[in-house]
Amino acid sequence: MAEHVYKKIEIVGSSPNGLEAAVQNALTRARKTIRNMRWFEVTETRGYIDDGKIDHWQVTLKIGFTLEE
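Residues numbered from 1 in each chain as written. Predicted model: local features only at pLDDT ≥ 70, side-chain atom pairs only at ≥ 80, totals over all residues. Heavy atoms only, no water.

Student: Break down the side chain of Thr60 for me, citing the residues and quoting the values.
Tutor: Relative to the helices and strands, Thr60 is located in strand β3 (residues 53-66). Under the relative-accessibility criterion, Thr60 is labelled buried at 3%. Of the polar contacts made by the side chain of Thr60, one reaches the side chain of Arg46; its length is 3.4 Å. Those residues in contact with Thr60 that lie beyond four places of it in its chain are Glu10, Ile11, Val12, Glu41, Val42, Thr43, Glu44 and Arg46. (Helix = DSSP H or I, 4+ residues; strand = E, 2+ residues; numbered from the N terminus. Buried < 20%, exposed > 50% of the residue type's maximum accessible area, 1.4 Å probe, protein only. Polar contact = N/O pair within 3.5 Å; in protein donor to acceptor, adjacent residues only side chain to side chain. Contact = heavy atoms within 4.5 Å.)

Structural data, given as structure tokens:
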């Protein structure tokens, strides 16, 4: 196995369609500017309430990616 050095960043994704969609939205956007993403960790979940109903979900992710040589 090769030796890797990783960097972690933290981002927040949201979606009115549930937690998994919020995670996917965050990863899709991060992929536009971050190369070599290897893993993610959901560290927080929140929901936004509007008129007594769930309006959308938010998830905080830590994303790990390998540093280039």
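Student: Before we move on, can you summarise the sheet that holds strand β1 (residues 6-15) with the specific residues and values?
Tutor: Taken together, three strands build an open sheet; the order of strands is β1-β3-β2 and the sheet is antiparallel. Every other strand in the sheet has two partners, leaving β1 and β2 (37-50) as the edge strands with one partner each. In this sheet, neighbouring strand axes are inclined to one another by 15 degrees on average, regardless of whether the strands run parallel or antiparallel. Pairing of β1 with β3 involves ten bridges; the strand directions are antiparallel. Bridge pairing in β3 places Val12 opposite Thr60. Strands in contact with helix α1 (residues 19-31) are β1, β2 and β3; relative to β3, the strand with the most contacts, it is inclined by about 45 degrees. (Pairing = 2+ DSSP bridges. Axes fitted to C-alpha atoms, helices over the stretch in contact; angles between N-to-C directions.)

Student: Tell me what's going on with the pattern of salt bridges, and back it up with residues and numbers.
Tutor: This model, assessed by the stated rule, comprises two salt bridges. With its nearest N and O atoms 2.7 Å apart, the salt bridge here joins Glu68 to Arg35. With Glu68 in the segment after β3 and Arg35 in the loop between α1 and β2, this pair connects stretches of sequence that are 33 residues apart. With a relative accessible area of 54%, Arg35 lands in the exposed category. (Salt bridge = Lys/Arg side-chain N within 4 Å of Asp/Glu carboxyl O.)

Student: Can you explain the nonpolar core? Please cite residues and give values.
Tutor: Residues Ala22, Val23, Ala26, Leu27, Ala30, Ile34, Val59, Leu61, Ile63 and Phe65 constitute the largest nonpolar core, which totals ten residues. Counting only elements with at least two residues in this core, the list comes to α1 and β3. At five residues, the largest contribution of residues to this core is made by α1. Apart from residues lying up to four places away in sequence, Ile63 is in contact with Lys7, Lys8, Ile9, Ile11, Leu27, Ala30, Met37, Trp39 and Phe40. (Core = buried A, V, L, I, M, F, W, Y, C linked by side-chain atoms within 4.5 Å.)

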